[in-house]
Amino acid sequence: MMSKRLCFLGLILFVFQYCTPVKVVSTRKHPTVELQSYKTFNFMDIQVKNDSLTQLNHPGIQMLKEAIVRELSAKGFQQAQEPDLWVNIGIVTEDKVQTRKTDIREAPVYIGQRRYSWKSEEVEVARYKTGTVSVDLVDAEKN
C-alpha cells in the first residue's frame, strides 16, 4: 500500500517537473484502488470556465499532457479511445501584481513656493500569473 502511494507521488512529481517553481501540496489515493488493475488511459475533454485560459492548445497544457503520457506509459499504461482511466486536468490561474514601496531616496516632489513633499507610494513592478494544477485519475467505469 505504501509503495503504491510513493509510486503515485513519484508520478505527480515527474508530471510537474517542467513547471517551475512547483510545490506538490497534497496527493490522495482512494484506499481500495489498485492501479495495477488498469491498463489504458485517455484525457477528459477540456472545458474553459473563465477567461484566464483562452487557448485550449496552450503550450503549457500540451507540455503537461506530454509529461503525463510519458509517465503513465513508463508505468505500462497505454493511451486508448475507450480507457480504463480518465485523466482530468484542472487548472486555476490568478493574475498577480508585484509592487514595491518608494523610499526617501526617490526625489521629493516640488509643490510650489519652495515647498517639497514626499510620501511613500506603492509602485507596480511587474504583472504575472500564479496557478494550481490538479491531475485526477478517474475510473471510467465507476466514475
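This write-up is about the structure you can find in this document. The model shown is predicted, which means the values in this text are computed figures rather than measured ones. (Residues numbered from 1 in each chain as written. Predicted model: local features only at pLDDT ≥ 70, side-chain atom pairs only at ≥ 80, totals over all residues. Heavy atoms only, no water.)

Digging into the overall build of the chain
Applicable threshold: Runs of H or I in DSSP of at least four residues are treated as helices and runs of E of at least two as strands, each being numbered from the N terminus. We call two residues contacting when some pair of their heavy atoms lies within 4.5 Å.
In terms of helices and strands, the chain carries 2 helices and 6 strands. Along the chain direction, N to C, the helices and strands of the chain fall in the order α-β-α-β-β-β-β-β. A separation of at least 24 residues holds for 73% of the contacts in the chain among residues at least 6 apart in sequence.

Quick notes on the nonpolar core
Selection rule: Think of a nonpolar core as a cluster: buried Ala, Val, Leu, Ile, Met, Phe, Trp, Tyr and Cys residues, connected wherever their side-chain atoms sit within 4.5 Å. The classification of residues rests on relative accessible area computed with a 1.4 Å probe and restricted to protein chains. Under 20% of the type maximum is buried, over 50% is exposed, and intermediate values are partly exposed.
Counting residues in hydrophobic clusters, the biggest one holds 11 residues: Leu 35, Tyr 38, Phe 41, Phe 43, Leu 64, Ile 68, Leu 72, Phe 77, Leu 85, Val 87 and Val 135. The element contributing the most residues to this core is helix 2 (residues 59–74), with 3 residues.

What to know about the packing of aromatic side chains
What counts here: Classification of ring pairs uses Phe, Tyr and Trp, with its six-membered ring standing for Trp, and accepts pairs whose centres are within 6.5 Å; under 30 degrees between planes counts as stacked, over 60 as edge-to-face, and the remaining range as tilted. Lysine NZ or arginine CZ positioned within 6 Å of the ring centre and within 35 degrees of the ring normal marks a charge as sitting over the ring.
Per the stated rule, a full pass over the model turns up 1 aromatic pair. With centroids separated by 6.3 Å and ring planes inclined at 85°, the aromatic side chains of Phe 41 and Phe 43 adopt a geometry described as edge-to-face. Like Phe 41, the residue Phe 43 is buried in the burial classification. Cation over ring: Lys 65 sits above Phe 43, and NZ or CZ is 5.2 Å from the ring centre.

Some thoughts on the pairing of strand 1 (residues 40–43)
Let me state the cut-off plainly: For two strands to count as paired, DSSP must find a minimum of two bridges between them.
Side chains Thr 40 and Asn 42 of strand 1 all project onto a buried face; the interleaved residues Phe 41 and Phe 43 project onto the opposite face, where all are buried too. Looking at chain direction, strand 1 and strand 2 (residues 78–79) are connected through 2 bridges and run parallel. Each bridged residue has a counterpart across the sheet, and for Phe 41 the counterpart in strand 2 is Gln 79. Relative to strand 3 (residues 85–101), strand 1 runs parallel, the two sharing 3 bridges. Looking across to strand 3, one finds that Phe 43 is bridged to Val 87.

Digging into the side chain of Thr 40
Condition: In protein, a polar contact requires one atom able to donate a hydrogen and another able to accept it; more generally it is a pair of N or O atoms within 3.5 Å, and residues adjacent in sequence count only if both atoms are side-chain atoms.
Along the chain, Thr 40 turns up in strand 1. With relative accessibility at 15%, the residue Thr 40 sits in the buried group. One polar contact links the side chain of Thr 40 to the main-chain amide nitrogen of Asp 84, over a distance of 2.8 Å.

Brief notes about the pattern of salt bridges
The criterion, for reference: Note on definitions: salt bridges are taken to be side-chain nitrogens of Lys or Arg within 4 Å of carboxyl oxygens of Asp or Glu.
Throughout the structure, instances matching the rule amount to 3 salt bridges. With a shortest N-O distance of 2.9 Å, Asp 95 and Lys 129 are connected by a salt bridge. Taken together, the residues span a long stretch of sequence, with Asp 95 in strand 3 and Lys 129 in strand 6 (residues 122–139) at a distance of 34 residues. Note that Glu 124 and Arg 127 form a salt bridge whose closest N and O atoms lie 3.1 Å from each other. Taking the relative accessible area as the measure of exposure, Glu 124 reaches 45% and is therefore partly exposed.

What about the sheet that holds strand 6?
Basically, it comes down to this: The angle between two axes is taken between their N-to-C directions and runs from 0 to 180 degrees, where each axis is a line fitted to C-alpha atoms and a helix contributes only its stretch in contact.
Taken in spatial order, the 4 strands of this open sheet run 2-1-3-6, and their pairing is mixed. Edge positions in the open sheet fall to strand 2 and strand 6, since each of these has one partner strand only. Sheet strands touched by helix 2: strand 1, strand 2, strand 3 and strand 6. Its angle to strand 3, the strand with the most contacts, is close to 135°.

A word on unusual backbone geometry
Unlike most non-glycine residues, Asn 143 shows phi in positive territory, near 55°. Mapped onto the elements, Asn 143 comes out in the segment after strand 6.

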